[in-house]
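# Overview (structure and organization)
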Protein chains: 2
Amino acid sequence: MTKLRAYDCAVGCPVEATLDLIDGKWKGVILYHLREGTLRFNELGRRLTGITQRMLTKQLRELEEAGLVERVVYAQVPPKVEYSLSAEGRSLEPVIAALAAWGEARIARMAKAA
Amino acid sequence: MTKLRAYDCAVGCPVEATLDLIDGKWKGVILYHLREGTLRFNELGRRLTGITQRMLTKQLRELEEAGLVERVVYAQVPPKVEYSLSAEGRSLEPVIAALAAWGEARIARMAKAA
DNA sequence: CAGTATCCACCTAGATACTG
DNA sequence: CAGTATCTAGGTGGATACTG
């Protein structure tokens, strides 16, 4: 037993709750791109450098399950599937914007340091 | 080759840049707790339900290397080590606050839905 | 008190190939 | 077009024991 004592999880957990949803290299960026509007599966893929179809599918399913993204399938051939932010997802926009703004400032600082 | 084409990484990457730094279940929460002031190693540990010493050490080292957290060692027995936000870390406060605020609202919504 | 040192199970995510 | 199916290397993080 080296596990540290636990006595106040509630404090700070909201941060974790949010991060859990937008975690993992892709979700935040997906949300970022969907802010601008609806995108089809491959349109989104093209905006996410290096992601595989498998990963994109997985991340979108998780975002959908979290209620942040909506998926609309058009019954046609060739298939057409559109992804967009749900109301809950749009409520995250200020958070995504904060992440983006800070990231930009940080990148600028790093560039200047070099 | 199923990897999707890449042609505009720069867009949205700031989000990823930020998330990379506060990623992984603990860092965001650590930053959250350090907002309130300097904390010693075990004080911090007690606030992070279920974290092991190994993990806490690792996360703190990474935050330190990212320049977000400062570590001050007092040459005494028993040891005393204090952690606090650096200036760069403090610049993240609005972001952490946004994450926390949204998380709280989300948790409240979920509670009401049940 | 504030860590190190090991060991290990699991998961993540990439590569690749195939399909309705 | 929008996925699914497999396989797998590597990393993440947990458990546990030990220490200056």
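The structure this text deals with has already been given above.
Please read these numbers as outputs of a predicted model, since none were measured by experiment. (Residues numbered from 1 in each chain as written. Chains lettered and ligands numbered in written order. Predicted model: local features only at pLDDT ≥ 70, side-chain atom pairs only at ≥ 80, totals over all residues. Heavy atoms only, no water.)

### Section: the side chain of serine 84 of chain A
- Inspection of the secondary structure assignment puts serine 84 of chain A in strand E3 (residues 80-85).
- Setting aside its immediate chain neighbours within four residues, serine 84 of chain A contacts Leu34, Thr38, Leu68, Val69 and Glu70 of chain A. (Helix = DSSP H or I, 4+ residues; strand = E, 2+ residues; numbered from the N terminus. Contact = heavy atoms within 4.5 Å.)

### Some remarks on the relation of the copies chain A and chain B
- The transform that puts chain A on chain B rotates by 180° and translates by 0.0 Å along the axis, for an RMSD of 0.0 Å. The transformation relating the two chain copies, once decomposed into turn and shift, fits a two-fold axis.
- Taken together, the interface assignments show that 100% of the residues at the interface of chain A recur at the interface of chain B, consistent with an identical surface on both copies. (Least-squares fit on C-alpha atoms with pLDDT ≥ 70 in both.)

### Some details on the environment of leucine 92 of chain A
- By the element assignment, leucine 92 of chain A lies in the loop between helix H5 (87-91) and helix H6 (93-113).
- By relative accessible area, leucine 92 of chain A is classed as buried at 0%.
- Separated by 39 residues in sequence, leucine 92 of chain A and glutamine 53 of chain A have C-alpha atoms that sit 25 Å apart.
- Apart from the residues lying within four places of it in its own chain, the contact partners of leucine 92 of chain A are Thr18, Ile22, Leu31 and Leu68 of chain A together with Trp102 of chain B. (Buried < 20%, exposed > 50% of the residue type's maximum accessible area, 1.4 Å probe, protein only.)

### A look at the side chain of glutamate 88 of chain A
- Checked against the element boundaries, glutamate 88 of chain A lands in helix H5.
- With relative accessibility at 18%, the residue glutamate 88 of chain A sits in the buried group.
- Once residues within four sequence positions are removed from consideration, glutamate 88 of chain A is found in contact with Gly67 and Leu68 of chain A together with Trp102, Arg106 and Arg109 of chain B.

### A short note on the sheet that holds strand E2 (residues 69-74) of chain A
All names here are of chain A.
- Spatial strand order, E1-E3-E2: three strands in an open sheet with antiparallel pairing. In this open sheet, the two strands that pair with only one neighbour each are strand E1 (39-40) and E2.
- One ladder, built from six bridges, connects E2 with E3; its direction is antiparallel. Opposite arginine 71, over in E3, you have tyrosine 83 as the bridge partner.
- Against the sheet, helix H2 (residues 27-34) engages E1, E2 and E3, with an angle of about 95° to E3. (Pairing = 2+ DSSP bridges. Axes fitted to C-alpha atoms, helices over the stretch in contact; angles between N-to-C directions.)

### Focus: the sheet that holds strand E1 (residues 39-40) of chain B
Residues and elements named next belong to chain B.
- Pairing within the open sheet is antiparallel, and its three strands lie in the order E1-E3-E2. On the outer flanks of this sheet lie E1 and strand E2 (69-74), each paired with one strand and no other.
- Packing of helix H2 (residues 27-34) onto the sheet brings it into contact with E1, E2 and strand E3 (80-85), and relative to E3 it is tilted by some 95°.

### A word on the environment of glycine 103 of chain B
- Among the secondary structure elements, glycine 103 of chain B is positioned in helix H6 (residues 93-113).
- Through-space distance from the C-alpha of glycine 103 of chain B to that of arginine 40 of chain B is 26 Å; in sequence the pair is 63 residues apart.
- For glycine 103 of chain B, the contacting residues outside a window of four places in its chain are Pro14 and Thr18 of chain A.

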